[in-house]
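# Structural overview for review
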Amino acid sequence: MSPAANAATLTVRRSTRFVTWVRSWRAGLSPYDEVAGEIAGDEEHLVADAPDTWTDVPLPNVLSLFAKLSPDDIRLVLPVAGDPRGLPGPGPFTGAALLAEEGVIAGRYGLVPQVQRHTSGSGDTFETVLWRMFPLEQVPAAGHEPGPAEAEGDLTTAIVEATGQLTRLDVAQWRPELAGALAALRRPDFAGDLPPGYDARCRRLYARASVLDQVLALAGQAAPGGAVTGYEAIRRDEALRPLMTACRRALVAACNARLAP
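Okay, so let's go over this structure. (Residues numbered from 1 in each chain as written. Predicted model: local features only at pLDDT ≥ 70, side-chain atom pairs only at ≥ 80, totals over all residues. Heavy atoms only, no water.)

## Considerations on the sheet that holds strand S6 (residues 125-135)
Note the following rule: Here, any two strands with at least 2 DSSP bridges between them count as paired. Secondary structure follows DSSP: runs of H or I at least 4 residues long count as helices, runs of E at least 2 residues long count as strands, and numbering of each begins at the N terminus. Only heavy atoms enter the contact rule, under which two residues are in contact if any of them lie within 4.5 Å. Every angle, taken between N-to-C directions, lies between 0 and 180 degrees, and every axis is a line fitted to C-alpha atoms, over only the stretch in contact when it is a helix.
Pairing in this open sheet of six strands is mixed, and the strands run S2-S1-S6-S5-S4-S3 from one edge to the other. Two strands bound the open sheet, and with one partner strand each, they are strand S2 (57-58) and strand S3 (74-77). With two bridges joining them, strand S1 (residues 44-48) and S2 adopt antiparallel strand pairing. Across the sheet, the residue bridging to Leu 46 is Pro 58, located in S2. Where helix H5 (residues 92-100) meets the sheet, it contacts S3, strand S4 (103-106), strand S5 (109-119) and S6, and its direction lies at approximately 50° from that of S5.

## With respect to helix H2 (residues 14-26)
Heads up, the condition is: Working rule for helices: expected span equals 1.5 Å times residues minus one. Any residue under 20% of the maximum accessible area for its type is buried, any over 50% is exposed, and the rest in between are partly exposed; the area is computed with a 1.4 Å probe on protein chains only.
A rise of 1.5 Å per residue sets the reference length of H2, with its 13 residues, at 18 Å; its end C-alpha atoms lie 18 Å apart and thus fit the reference within 8%. The element H2 is extensively covered by neighbouring structure, given that 12 of its 13 residues are classed as buried. Just downstream of H2, Gly 28 is the residue with a positive phi angle, here 80°.

## Focus on H5
Let me state the cut-off plainly: Working note: the arc is built from the helix axis to C-beta atom directions.
What H5 keeps buried is the set Phe 93, Thr 94, Ala 96 and Ala 97. Buried positions in H5, seen along its axis, are confined to an arc of 165° and lie on one side of it. Those residues of H5 that are exposed and angled more than 90 degrees off the buried face are Pro 92 and Leu 99. Where the residues of H5 are buried, they touch S3, S4, S5 and S6. Positioned one or two residues after H5, Glu 101 has a phi angle of 60°, which is positive.

## Considering the pairing of S3
Burial along S3 is two-sided: the face carrying Ile 74 and Leu 76 and the face carrying Arg 75 and Val 77 are both buried. Summarising the sheet, S3 and S4 pair through four bridges and their orientation is antiparallel. When the sheet's bridge partners are listed, Leu 76 is paired in S4 with Val 104.

## Describing the pairing of S5
Taken together, the three bridges between S4 and S5 define a ladder with antiparallel strand orientation. The partner of Ile 105 across the bridge, within S5, is Gly 110. Taken together, S4 and the strand that follows it, S5, pair antiparallel across an intervening segment of two residues, in which Gly 107 is found at a positive phi of about 65°. Counting the residues in the hairpin turn of S5 and S6 gives five residues, including Gly 123, whose phi is positive at 95°.

## Side note on the state of the cysteines
Stated precisely, the cut-off is as follows: Cysteine sulfurs are considered disulfide-paired once they come within 2.5 Å of each other.
Throughout the structure, instances matching the rule amount to zero disulfides. No disulfide involves Cys 202; its sulfur sits 8.7 Å from that of Cys 255, the nearest cysteine.

## Digging into the packing of H2 against helix H3 (residues 32-40)
The condition that has to hold: Here the word oblique covers every angle except those under 35 degrees (roughly parallel), over 145 (roughly antiparallel) and from 65 to 115 (roughly perpendicular). Throughout this entry, Asp, Glu, Lys and Arg are counted as charged residues, while Ala, Val, Leu, Ile, Met, Phe, Trp, Tyr, Cys and Pro are counted as nonpolar. The remaining residues, Gly among them, count as polar.
Contact geometry of H2 with H3 gives a least axis separation of 9 Å together with a crossing angle of 170°. Classified by the angle between their axes, H2 and H3 sit roughly antiparallel to one another. Between H2 and H3, the contacting residues are Arg 17, Phe 18, Trp 21, Val 22 and Trp 25 on the first element and Tyr 32, Val 35, Glu 38 and Ile 39 on the second. Counted by class, the contact of H2 with H3 contains seven nonpolar, no polar and two charged residues.

## Thoughts on the packing of aromatic side chains
To be explicit about the condition: Stacked, edge-to-face and tilted labels apply to pairs of Phe, Tyr and Trp rings (six-membered ring for Trp) whose centres lie within 6.5 Å, assigned for plane angles under 30 degrees, over 60, and everything in between, in that order.
Taken as a whole and assessed by the stated rule, the structure comprises four aromatic pairs. Taken together through their ring pairs, the aromatic side chains of Phe 18, Phe 66 and Trp 131 make up a single cluster.

## Points about the pattern of salt bridges
For clarity, the cut-off: When a carboxyl oxygen of Asp or Glu lies within 4 Å of a side-chain nitrogen of Lys or Arg, that pair is called a salt bridge.
Per the stated rule, a full pass over the model turns up 13 salt bridges. The partner of Arg 258 in a salt bridge is Asp 72, with the nearest N and O atoms 3.1 Å apart. Here Arg 258, found in the segment after helix H10 (230-255), pairs with Asp 72, found in the loop between helix H4 (60-63) and S3; they are 186 residues apart in sequence, far enough to count as distant. A single salt-bridge network, built from bridges that share partners, covers Arg 14, Glu 43, Arg 117 and Glu 127.

Here it is, written out as structure tokens:
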């Protein structure tokens, strides 16, 4: 992958990593001892408000709470204002997930990641991820989300339509890092990093949606130095809106897909 494309994929949504690795563990396809490390990568992950705790605790201390869940009890949600799909009714978890635009439902608990940035005494900056844990009074039933095949078709159509518009708007001129990422999306052999249990279609869908998720985050930011006019920004947002929806649904479909031995 080109440096530009890699720059756009350095940070995937933490909830996708959490859901896929915990589901793979609960399916008996990944060892328990590796799950926390695969979720966290090079970051420090802590959990706040876990049962029977009085302070933030390391992520491995909490994973055992999910030892009796089946993979289908663990689901990714990527809600936004106006589309709270997958969430329970009003409550603290719903509010936090909508604010973060991501979350995890694991049995009778909901978890939402918060990225905290710190500066050391020497001036170095680093991040920790704090998972806030919420008891759920009512576990929402699985929504009628599209399956991986349908979501892949919808995403492919949205990519073709939106990338053409973004190219005409010359978004890559003021966000050069987008060019490599958009090129990576078109590669037919592009496959994502998912744990054991996910088939080739889910890996491909997850990979494209994850890259696209970062492309959308970059493309939606204000152009440096005012390089984009208000009119161009409106047209950019119009081009991105259906792509954002297709991207979110693709990530959910890939991560929540039924696992195979």
